[in-house]
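Observations on the model geometry
The lines below spell out each chain.
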Amino acid sequence: MSEDDAVEIDVEAADDGDADEPDESAEATESVSATDEEGAEPSGEPETAEADEETADDTEPTLDDGLAARVANHDEEVAADVAELEARVAELEEELAAAEDEIDDLTERLKRKQADFQNYKQRQKKKRQQIKERAAADFVEQIVDVRDNLIRALEQEEGTDIRPGVESTLEEFDRVLAEEDVEPIEPEAGEEVDPTRHQVMLRVESDQPEGTIAELYQPGYEMGDSIVREAQVTVSDGE
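Structural notes, computed from the coordinates. Every chain's residues receive numbers from 1 upward, in the order its sequence appears when written. Local features in this predicted model are restricted to residues of pLDDT 70 or higher, and side-chain atom pairs are both shown and tallied only at a pLDDT of 80 or more, whereas totals for entire chains, interfaces and linings draw on every residue. Heavy atoms from the whole structure form the basis of all side-chain values; hydrogens and water molecules are not counted.

Overview of the sheet that holds strand 2 (residues 198-204)
Across the sheet, which stays open at both edges, the three strands sit in the order 2-6-3 with mixed pairing between neighbours. Across the chains shown, the open sheet's two edge strands, defined by having one partner strand only, are strand 2 and strand 3 (213-218). With direction set aside, neighbouring strand axes in the sheet form an average angle of 30 degrees. Bridge count for strand 3 against strand 6 (residues 231-236) is four bridges, and the pairing is antiparallel. For two strands to pair, DSSP has to find at least two bridges joining them. In this text, helices come from DSSP runs of H or I with a minimum length of four residues, and strands from runs of E with a minimum of two, each type numbered from the N-terminal end. Each axis is a line fitted through C-alpha atoms, taken for helices only over the stretch in contact, and angles between the N-to-C directions span 0 to 180 degrees.

Below, the structure written as structure tokens:
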């Protein structure tokens, strides 16, 4: 083998050895590329998507915006109906508040009227009692004069005819009763019996029609529409 051939073989052997060894520069280049891919900033498209989402979040209605605003994000027609309903509800709430105020006012006024009416009843009751007492006092004041006349008649000497004095006293007594609107109940024989004004004592034989008054036993008295005392009568049995 010549020297030129030996040199060529050595050169080839050296080239083969270099091919078998790993290329450190290539590995370093791949490592840098991988590192760049992992640490690289996101591209422009994701940043735009996030910005759009933030903008959408800013325009999304919240609970504070009201039901109509939240519904409008999905259906504007329904949102209009909801807004109308909300306005109607607000109007009804105002009317309800006004009605409640009016009820409270009327209730208070009714209580005052009831209190005034009770006070009026008490005053009228007291007034009627005062009138009754004053009327009784006036009546007694007139009656005592009649009593004085009776006492004077009894004080006459024995044997003195006191009939004129008694008759005069009776006339005075009738005058007092008339002034007080008191009238005697003195039915005549033959009149029909009035159970509201007459008290039947017994049935007797009489020429009067059966069931009618036969005789007045004791007169009664009436004052206006009130019966002070019923007249006591006997009734004919028709025989």
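As for a nonpolar patch on the surface
Nonpolar side chains collect at one region of the surface, where Leu 154, Ile 162 and Val 166 lie side by side and expose about 260 Å² of accessible area between them. Mapping Val 166 onto the fold places it in helix 6 (residues 163-179). Patch criteria: residues need more than 30% relative accessible area and no salt bridge. Like-charged residues are merged within 9 Å; nonpolar side chains of Val, Leu, Ile, Met, Phe, Trp and Tyr are merged within 5 Å. For the accessible areas, the method is Shrake-Rupley and the probe is 1.4 Å, while residue cover comes only from the protein chains on display. Here, a salt bridge means any side-chain nitrogen of Lys or Arg that lies within 4 Å of a carboxyl oxygen of Asp or Glu.

Looking at the sheet that holds strand 5 (residues 226-229)
Read from one edge of the open sheet, three strands run 1-4-5, paired in antiparallel fashion. With one partner strand each, in any of the chains shown, strand 1 (182-185) and strand 5 form the two edges of the open sheet. Pairwise comparison of adjacent strand axes, ignoring direction, gives a mean angle of 35 degrees for this sheet.

What about a negative patch on the surface?
The grouping of Glu 171, Asp 174, Glu 186, Glu 188 and Glu 191 at the surface amounts to a negative patch. Mapping Glu 171 onto the fold places it in helix 6. Buried residues are those whose accessible area, probed at 1.4 Å on protein chains only, stays under 20% of the maximum for their type, while exposed residues exceed 50% and partly exposed ones sit between those limits. Look at Glu 171 and you get exposed, because its relative accessible area is 56%. Asp and Glu count as negative and Lys and Arg as positive, but His and the ends of the chain are not part of the count. Lysine's charge is taken at NZ, arginine's at CZ, aspartate's at CG and glutamate's at CD.

Section: the pattern of salt bridges
In the structure shown here, the tally under the stated rule is six salt bridges. Between Asp 105 and Arg 109 there is a salt bridge; the shortest N-O distance is 3.8 Å. Taken together, the residues Asp 105 and Arg 109, both in helix 5 (residues 76-154) and four residues apart, mark about one turn of the helix. Using a relative accessible area of 40% as the deciding quantity, one classes Asp 105 as partly exposed. Note on Arg 109: relative accessible area 44%, which makes it partly exposed.

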